[in-house]
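# Structural characterization, general
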Amino acid sequence: MKAIILKKNGLAESLIENLIVDELPKPEIDDNEVLIKIHYAALNHRDLWIAKGLYAGIKIPIVLGSDGSGTINKLGKNVDDFNIGDKVIINPSINWGDDESFQSEEYRILGMPENGTLSEFIKIDKKYVYKKPAHLELMQAAAIPLAGLTAYRALFTKAKIKKNDNVLITGIGGGVSTLAMLFAIKLGANVFVTSGNDTKIKKAVELGAVAGVNYKNDNWHKDIIKLSDNNINIIIDSAGGDTISKSLDIINYGEKIVTFGATTGKVKDFEIRKVFWKQISLLGSTMGSDSDFKNMVNFVNQNKINPVIDKVFSVDDVVQAFLRMDSGEQFGKIVIKF
Ligand SMILES: NC(=O)c1ccc[n+]([C@@H]2O[C@H](COP(=O)([O-])OP(=O)(O)OC[C@H]3O[C@@H](n4cnc5c(N)ncnc54)[C@H](OP(=O)(O)O)[C@@H]3O)[C@@H](O)[C@H]2O)c1
């Protein structure tokens, strides 16, 4: 079977040599597993961090990829809730464990240390397999799992978002951010965004956001405060760094900041005084539990959420897809067609 194999880590320029489209044997399944023929995979920033060598516990060679959609190709002996040909998506959050509040020690994310979805076939335990949302094509469905799960837990499980909340979502071009925006808008929240690109802000407003500001302007946080009448009560952030420092100014007294990433690195100017004086809840969030995933898929089904797809690349152009993510040009999810 065809698979995209990361042979070595390195900088973006070396991706061409390090990410190879090659042949691997088709995986053998166990009794509780299914074999899925992947039709589409989608990239997450995690794949790029690993490819660049900027992730903990890297193991190579590896087939990356946490997001995938496809059809059931083979069933293990103990699998009776799926049929050959069923169109499915995969929950990439493996071994979450019993505690809803955090993941177990055995927790891992699909696509390292085990081979992931950037491959023609994948074997996976049936408990991580879900029917594809009926209103979505397989191409769109591939965009949902990792970003949808992360966005859902951050907004619903952690921030406990409600209708009419004023929510700031930073870096709106990102895969998780666009899905978080769609979820929050559907719930009836007022969504404000930031981006380094005015066209992306315009697109977000076309999709239902109230307004946005360009974070390349140093005073962007003051603009958000003005635009929202000093009334932001949830911030969803994966930029980290200076965005967190500014978020402490933006957020209302008694309200919540959810952090799930550090794209721009460490927070250098962290004023703890603002956290306690303003009674802010700073909430960490990572991926999500089995029930977060189930609830997310239900939300997507019930509300007919259509993820924002940036661009679809063929397997042979996978390096171009990684480079597009590295350049930050995307608005929404980058999808790979097998
Ligand atoms: N903890 C978890 O479970 C979890 C899960 C998923 C992702 N993450 C992390 O979350 C981040 C986003 O992941 P993703 O897959 O959605 O990535 P992505 O699609 O590559 O998006 C990254 C986005 O970061 C934004 N960005 C860059 N510089 C920024 C800045 N100075 N201020 C605000 N935003 C900035 C950009 O937004 P614009 O293009 O609009 O400028 C860009 O589109 C990554 O760091 C990833 O590792 C964590």
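Residues numbered from 1 in each chain as written. Predicted model: local features only at pLDDT ≥ 70, side-chain atom pairs only at ≥ 80, totals over all residues. Heavy atoms only, no water.

## Considerations on the overall build of the chain
Put simply, the test is: For helices the rule is a DSSP run of H or I covering at least 4 residues; for strands it is a run of E covering at least 2, with both sets numbered from the N terminus onward. Note on exposure labels: buried denotes an accessible area under 20% of the residue type's maximum, exposed denotes more than 50%, and partly exposed covers the range between, all computed with a 1.4 Å probe on protein chains only. In what follows, residue pairs with any heavy atoms lying within 4.5 Å of each other are defined as contacts.
Tallying secondary structure elements over the chain gives 11 helices and 18 strands in all. A principal-axis box enclosing the C-alpha atoms of the chain has dimensions of 55 × 45 × 40 Å. Considering the chain as a whole, with its 338 residues, one finds that 52% of them fall into the buried category. Residue pairs in contact within the chain that sit at least 24 positions apart in sequence constitute 70% of those at least 6 positions apart.

## Remarks on the layout of surface pockets
A probe as big as a water molecule, rolled over the atoms, marks out the empty space that is left. We count it as follows: Only protein atoms enter the 1 Å grid used here. Points where a 1.4 Å probe fits but cannot escape make up a cavity, open sets with protein on both sides within 12 Å along at least five of seven lines make up a pocket, and a residue lines them when an atom lies within 4 Å of a point. Grid points are joined across faces, edges and corners, and a volume is the space filled by probe spheres set on the points. Nonpolar residues are Ala, Val, Leu, Ile, Met, Phe, Trp, Tyr, Cys and Pro. Charged residues are Asp, Glu, Lys and Arg, and all others, Gly as well, are polar.
One number sums up the size of the second largest pocket: a volume of about 340 Å³. Counting residues per element, the lining of the second largest pocket draws most heavily on strand β9 (residues 121-125), at 5 residues. Residue composition of the lining of the second largest pocket, grouped by class: 11 nonpolar, 4 polar and 6 charged.

## What about a nonpolar patch on the surface?
Keep this limit in mind: To count toward a patch, a residue needs a relative accessible area above 30% and no salt bridge. Like charges then connect within 9 Å, nonpolar side chains (Val, Leu, Ile, Met, Phe, Trp, Tyr) within 5 Å. Under the convention used here, a 1.4 Å probe and the Shrake-Rupley method define accessible areas, while residue burial counts only the protein chains that appear. Throughout this description, the term salt bridge denotes a Lys or Arg side-chain nitrogen within 4 Å of a carboxyl oxygen of Asp or Glu.
Where nonpolar side chains cluster on the molecular surface, the patch consists of Tyr253, Val267, Phe270, Ile272, Phe276, Trp277 and Leu282 and spans about 750 Å² of accessible area. Considering each element in turn, the nonpolar patch owes the most residues, 3 residues, to helix α9 (residues 272-277). By the secondary structure assignment, tryptophan 277 is in helix α9. Overall, tryptophan 277 belongs to the exposed group, its relative accessible area being 60%.

## Focus on the environment of asparagine 230
Within the secondary structure layout, asparagine 230 lies in the loop between α7 (220-227) and β14 (232-237). Once the C-alpha coordinates of asparagine 230 and proline 113 are considered, the two residues, 117 residues apart in sequence, prove to be 44 Å apart. Ignoring anything within four residues of it in the chain, the contact list for asparagine 230 reads Ile225, Ile250 and Asn252.

## Quick look at the domain arrangement of the chain
Rules: An automatic or database domain assignment supplies the start and end points of every domain. Buried area is a sum: the accessible area each of two parts loses on coming together, probed at 1.4 Å, counted once for each and added. Polar contacts, as used here, are pairs of N or O atoms within 3.5 Å; protein pairs need one atom able to donate a hydrogen and one able to accept it. Residues neighboring in sequence count only if both atoms are side-chain atoms.
Under the domain assignment, the chain is made up of domain 1 (2-144 + 307-337) and domain 2 (149-284). Here domain 1 and domain 2 have C-alpha centroids that lie 28 Å from each other. Taken together, both faces of the contact between domain 1 and domain 2 bury some 1,100 Å²; the carbon and sulfur share is 65%. Together, Ile144, Val308 and Phe331 form the three largest contributors to the area buried by domain 1 at its contact with domain 2, with a combined 43%. Where domain 1 meets domain 2, there are 0 salt bridges. The tally of links from domain 1 across to domain 2 stands at 5 residue pairs in polar contact (both at pLDDT 80 or more). A per-class count over the side of domain 1 that touches domain 2 returns 8 nonpolar, 6 polar and 3 charged.

## Observations regarding unusual backbone geometry
A cis geometry characterises the amide bond from isoleucine 60 onward to proline 61, with omega recorded as 0°. Summarising the element assignment, proline 61 is placed in the loop between α2 (45-51) and β4 (62-63). Phi at aspartate 229 is positive, roughly 55°, even though this residue is not glycine. Position of aspartate 229 among the secondary structure elements: in the loop between α7 and β14.

## A look at the sheet that holds strand β12 (residues 190-195)
Here is the rule we go by: Following DSSP output, two strands are said to pair if at least two bridges run between them. For helices, the axis comes from a line fit to the C-alpha atoms of the stretch in contact; other axes are also lines fit to C-alpha atoms, and the angle between any two N-to-C directions lies between 0 and 180 degrees.
Pairing within the open sheet is parallel, and its 6 strands lie in the order β13-β12-β11-β14-β15-β16. The two strands at the open ends of the sheet, each matched to only one other strand, are β13 (211-214) and β16 (281-284). On average, adjacent strands in this sheet sit at an angle of 20° to one another, irrespective of strand direction. Relative to β13, β12 runs parallel, the two sharing 4 bridges. Looking across to β13, one finds that valine 193 is bridged to glycine 212. Here helix α5 (residues 175-187) sits on the sheet in contact with β11 (166-169) and β12, set at roughly 165° to β12. Against the sheet, α7 contacts β11, β12, β13 and β14, and its axis sits at roughly 165° relative to β13.

## Regarding α7
Note the threshold: This arc is taken over the directions from the axis of the helix to the C-beta atoms.
Those residues of α7 not exposed but buried are Trp220, His221 and Ile224. In a view along the axis of α7, the buried residues occupy a sector of 100°, so they form one face of it. Of the residues trailing α7, aspartate 229 is marked for its positive phi of about 55°.

## Regarding the packing of helix α4 (residues 145-158) against helix α10 (residues 290-302)
Counted only if it meets this: Each angle gets one of four labels, with under 35 degrees taken as roughly parallel, over 145 as roughly antiparallel, 65 to 115 as roughly perpendicular, and the rest as oblique.
Here α4 crosses α10 at 100°, and the two axes come no closer than 9 Å. Between α4 and α10, the crossing angle belongs to the class labelled roughly perpendicular. For the pair α4 and α10, contact is made by Pro145, Gly148, Leu149, Tyr152, Arg153, Phe156 and Thr157 and by Asp292, Phe293, Asn295, Met296 and Phe299, respectively. Class assignment for the residues of the contact of α4 with α10 results in 7 nonpolar, 3 polar and 2 charged.

## Examining helix α11 (residues 318-327)
When α11 is considered as a whole, its buried residues turn out to be Val318, Val319, Ala321, Phe322, Arg324 and Met325. Buried-residue contacts for α11 involve β1 (2-6), α1 (15-18), β2 (19-23), α2, β17 (309-314) and β18 (333-337). Among the residues trailing α11, glycine 328 stands out with phi positive, at a value near 70°.

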